Amino acid sequence: MDLNLFIGNLAALLTTLSFLPQAIKAIRTRDTKSLSLPTYIMFVSGVLLWFIYGMRSEQLPIILGNLITFVFASTILICKLVEKK
């Protein structure tokens with residue numbers, strides 16, 4: 001594996017896994033009061049755009065990392081939106 005691919009895969013793995021504890025906590029507790037709604041809206045939008053960029057440029061680490069991050073961050077965003085009601 002070349003160094004660039006290794007770095008890309010490692011970056012995708014770390015970025016993706018960083019949202020897992022927050023997603024688990026938000027699902028279990030349904031408490032997202034301390035999370036910023038505008039931040040999560042912008043973050044989820046940005047991750048979606050990175051995913052699209054990865055698809056268009058056929059870069060697997062960007063595709064997989066951002067797809068999984070999108071799922072985790074969207075879960076948190078949905079919990080936040082449901083809590084607002």
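So, here is what we can say about the structure in this document. (Residues numbered from 1 in each chain as written. Predicted model: local features only at pLDDT ≥ 70, side-chain atom pairs only at ≥ 80, totals over all residues. Heavy atoms only, no water.)

## Some remarks on the overall build of the protein
Consideration 1: Each helix and strand counted, the protein has four helices and zero strands in total.
Consideration 2: Across the protein, helices and strands are ordered from the amino to the carboxyl terminus as α-α-α-α.
Consideration 3: Taking the principal axes of its C-alpha atoms as reference, the protein extends roughly 45 × 20 × 15 Å.
Consideration 4: At a minimum sequence separation of 6, the contacts of the protein that also span at least 24 residues come to 72%.
Consideration 5: Working note: accessible area of the protein is about 6,000 Å², and carbon and sulfur atoms make up 70% of it. (Helix = DSSP H or I, 4+ residues; strand = E, 2+ residues; numbered from the N terminus. Contact = heavy atoms within 4.5 Å. Areas by Shrake-Rupley, 256 points an atom, 1.4 Å probe, with all protein chains shown as cover.)

## Thoughts on the nonpolar core
Consideration 1: Formed by Phe19, Ala23, Ala26, Leu35, Leu37, Tyr40, Val44, Phe72, Ala73, Ile76, Leu77 and Cys79, the largest nonpolar core amounts to twelve residues.
Consideration 2: Going through the elements one at a time, α2 (20–29), α3 (37–57) and α4 (60–84) are the ones with two or more residues in this core.
Consideration 3: Those residues in contact with phenylalanine 19, other than ones at most four positions away along the chain, are Tyr40, Phe43, Thr69, Phe72, Ala73 and Ile76. (Core = buried A, V, L, I, M, F, W, Y, C linked by side-chain atoms within 4.5 Å. Buried < 20%, exposed > 50% of the residue type's maximum accessible area, 1.4 Å probe, protein only.)

## Quick notes on unusual backbone geometry
Consideration 1: Located in the positive-phi region is arginine 30, a residue other than glycine, with phi close to 60°.
Consideration 2: Here arginine 30 shows up in the loop between α2 and α3.
Consideration 3: On the basis of relative accessible area, arginine 30 is assigned to the exposed category, the value being 53%.
Consideration 4: With a phi angle near 55°, glutamate 58 is a residue other than glycine that sits in the positive phi range.

## Structural notes on the packing of aromatic side chains
Consideration 1: Counting across every chain of the model gives three aromatic pairs.
Consideration 2: Ring geometry for tryptophan 50 and tyrosine 53: centres 5.5 Å apart, planes at 90°, overall edge-to-face. With a gap of three residues between them, tryptophan 50 and tyrosine 53 both fall in helix α3, about one helical turn apart.
Consideration 3: Three or more aromatic residues link up through ring pairs in this structure, and these residues are Phe19, Tyr40 and Phe43. (Phe/Tyr/Trp six-rings, centres within 6.5 Å; stacked < 30°, edge-to-face > 60°.)

## So, α3
Because each turn of an α-helix spans 3.6 residues, side chains separated by three or four positions end up pointing in the same direction.
Consideration 1: In this model α3 runs 30 Å from its N-terminal to its C-terminal C-alpha over 21 residues, within 8% of the 30 Å that 1.5 Å per residue would give.
Consideration 2: Within the span of α3, buried status applies to Leu37, Tyr40, Val44, Val47, Phe51 and Gly54. For α3, the angular spread of buried residues about the axis comes to 110°, placing them on one side. Facing away from the buried side of α3 by over 90 degrees, the exposed positions are Pro38, Met42, Leu49 and Arg56.
Consideration 3: Note on α3: the residue one or two positions beyond its end, glutamate 58, has a positive phi of about 55°. (Expected span 1.5 Å × (residues − 1). Arc of directions from axis to C-beta.)

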